Amino acid sequence: MTHKSSQKMKFSIPKALDRKELIVFDLDGTLALSKSAMDAEMVALFSRLLAERKVAVIGGGKYSLFQMQLLYALRCPKDLCRKLFLFPTTSTSFYRYDGGWKNVYTLKLSKSERARIKKTFPEVFKEAGYVHTKKVYGKVIEDRGTQVTFSALGQDVVAVLGKRGVHLKDEWKRRNTKTKIKMAKMLAKRLPDLEVRAAGHTSIDITRKGIDKAYGLKQIEKHLHVPIKKMLFVGDALFPGGNDYAAKRTGVTCVAVRGPEDTKKLIRRIISAG
């Protein structure tokens, strides 16, 4: 299945949702628009879901983005936060609530690994013939410690431009996804000891080897003692080459959504099934 065909795929909801103990969501493009806060309707539905099920969120963004997109918007009793589990930077970190948000683990790249990644990006841009956009907002290559991320329009495009920034990211994605995937493959060839993912709308993420959303699901199983067969994974990039696709390796039940509106429909169905 190609990226293009995945966008035409019909949204479908599996049966037996009442048997799923824990719901795992991607963040960007699934719970919220890219680098944007969840809207009021999603906040209300997400809060209702937490009253009924355990919920985990795995996304490529750093913890501060999880705070902005999810935690600061969330309106629910603090006790319900004990049922919410966060895995930023593609599960290289894990946070859970215990009177406040506590870091459980962080898997950092070494200084030499981060330096090698940052040296390799320009080499690949040149080889691929990729020309950066004239105007960027914030860092194009960001060292997040646990992950080094390329963001074509800069890390702060949505923070600076709001909805216009989201539109620009959508446009870049439409025009450059093939190039981004090509560059990700080139990076993976040059950095075989690391994990490279064509992530989000405009990003390429690089982490330690073996760190992806399949790893995140296994960490959920390990730390929360919920078997994968009792989980449901929800993402907007479950097609081959998408940054959610790795989750399928675990055998978890998956739902492919086309955006937050599909996710809202699914949450309503889960709540009614509960």
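See the structure above.
Not measured: the values here are computed from a predicted model.

1. What to know about the overall build of the protein
Move 1: Summing up its helical and strand segments, the protein has 9 helices and 11 strands in all.
Move 2: Here the C-alpha atoms of the protein give a radius of gyration of 18 Å, agreeing with the 19 Å that 2.2 N^0.38 yields for 274 residues.
Move 3: Its C-alpha atoms give the protein principal-axis dimensions of roughly 55 × 35 × 35 Å.
Move 4: Across the 274 residues of the protein, 55% fall into the buried class.
Move 5: Partitioning the contacts of the protein with sequence separation of at least 6, the portion at a separation of at least 24 is 64%.

2. Some remarks on the pairing of strand S10 (residues 231–235)
Move 1: Counting buried residues in S10 gives 5 out of 5 residues, a clear majority hidden from the surface.
Move 2: What you see with S10 is no split at all: Met-231, Phe-233 and Gly-235 on one side and Leu-232 and Val-234 on the other are buried throughout.
Move 3: As judged from the 4 bridges shared by strand S1 (residues 22–25) and S10, these two strands associate in the parallel manner. Across the sheet, residue Leu-22 finds its bridge partner in S10, namely Met-231.
Move 4: Where S10 and strand S11 (residues 253–256) come together, 4 bridges link them in parallel fashion. Residue pairing across strands places Leu-232 opposite Thr-253, the latter belonging to S11.

3. A word on the environment of Ala-44
Move 1: Following the sequence through the fold, Ala-44 ends up in helix H2 (residues 40–52).
Move 2: As for Ala-44 and Ile-206, which are separated by 162 residues in sequence, their C-alpha atoms are 34 Å apart.

4. Focus: the packing of helix H5 (residues 111–128) against helix H7 (residues 163–190)
Move 1: Put simply, H5 and H7 touch, their axes get as near as 10 Å, and they point 130° apart. When the axis of H5 is compared with that of H7, the two are oblique. Crossing geometry of H5 relative to H7 is assigned as right-handed. Between H5, through Thr-120, Phe-121, Glu-123, Val-124, Phe-125, Glu-127 and Ala-128, and H7, the contact on the second element is made entirely by Lys-182, Met-183, Met-186, Leu-187 and Arg-190.
Move 2: Across the contact of H5 with H7, the residue classes break down as 7 nonpolar, 1 polar and 4 charged.

5. Structural notes on the sheet that holds strand S6 (residues 141–143)
Move 1: A sheet is described by the order of its strands in space; here 4 strands give the open sequence S6-S7-S9-S8, paired in antiparallel fashion. Sheet topology places S6 and strand S8 (194–199) at the edges, where each strand pairs with a single neighbour. On average, each strand axis in the sheet is tilted by 15° relative to the strand beside it, whichever way the strands run.
Move 2: Across 6 bridges, the pairing between S8 and strand S9 (residues 203–208) is antiparallel. Bridging from a neighbouring strand, Arg-197 pairs with Asp-205 of S9.
Move 3: Relative to the sheet, H5 contacts S6, strand S7 (148–151), S8 and S9, its axis offset from that of S7 by approximately 25°.

6. Let's talk about the layout of surface pockets
Move 1: Considered as a void within the structure, the second largest pocket measures approximately 300 Å³ in volume.
Move 2: Together, 15 residues line the second largest pocket, and Val-196, Arg-197, Ala-198, Gly-241 and Gly-242 are the ones closest to its centre.
Move 3: Residue contributions to the lining of the second largest pocket peak at 4 residues, all from S8.
Move 4: Considering only residue class, the lining of the second largest pocket consists of 6 nonpolar, 3 polar and 6 charged.

7. Points about empty space enclosed by the protein
Move 1: The tally for this structure, following the rule as stated, stands at 2 cavities of 30 Å³ or more.
Move 2: Volume-wise, the largest cavity comes out at about 410 Å³.
Move 3: By residue class, the composition of the lining of the largest cavity is 8 nonpolar, 17 polar and 9 charged.

8. Some details on the state of the cysteines
Move 1: Counted according to the given criterion, the structure contains 0 disulfides.
Move 2: Of all cysteine sulfurs, the one in Cys-76 lies closest to Cys-81, which takes part in no disulfide; the gap is 4.3 Å.

9. Examining the sheet that holds S1
Move 1: Judged by pairing direction, the sheet is mixed, and its 7 strands sit side by side in the order S5-S4-S3-S2-S1-S10-S11 without closing on themselves. Either end of the sheet is taken by a strand with one partner, and the two such strands are strand S5 (101–106) and S11. Neighbour-to-neighbour, the strand axes of this sheet turn through a mean angle of 20°, independent of strand direction.
Move 2: Relative to strand S2 (residues 54–58), S1 runs parallel, the two sharing 4 bridges. Its bridge partner being in S2, Ile-23 is matched across the sheet by Val-55.
Move 3: Contacts from helix H8 (residues 213–224) reach S1, S2, strand S3 (84–87), strand S4 (93–97), S5 and S10 within the one sheet, and its direction differs from that of S2 by about 150°.
Move 4: The strands that helix H9 (residues 260–273) touches are S1, S10 and S11; relative to S10, the one it contacts most, it runs at about 160°.

Definitions and cut-offs
Residues numbered from 1 in each chain as written. Predicted model: local features only at pLDDT ≥ 70, side-chain atom pairs only at ≥ 80, totals over all residues. Heavy atoms only, no water. Helix = DSSP H or I, 4+ residues; strand = E, 2+ residues; numbered from the N terminus. Rg over C-alpha atoms; globule rule 2.2 N^0.38 Å. Buried < 20%, exposed > 50% of the residue type's maximum accessible area, 1.4 Å probe, protein only. Contact = heavy atoms within 4.5 Å. Pairing = 2+ DSSP bridges. Axes fitted to C-alpha atoms, helices over the stretch in contact; angles between N-to-C directions. Parallel < 35°, antiparallel > 145°, perpendicular 65-115°, else oblique. Left-handed = near helix turned anticlockwise from the far one by under 90°. Nonpolar A, V, L, I, M, F, W, Y, C, P; charged D, E, K, R; others polar. 1 Å grid on protein atoms, 1.4 Å probe; cavity = no way out; pocket = protein on both sides within 12 Å on 5 of 7 lines; lining within 4 Å. Points joined across faces, edges and corners; volume = space filled by probe spheres on them. Disulfide = S-S within 2.5 Å.

Read these as geometric descriptors, not functional statements.
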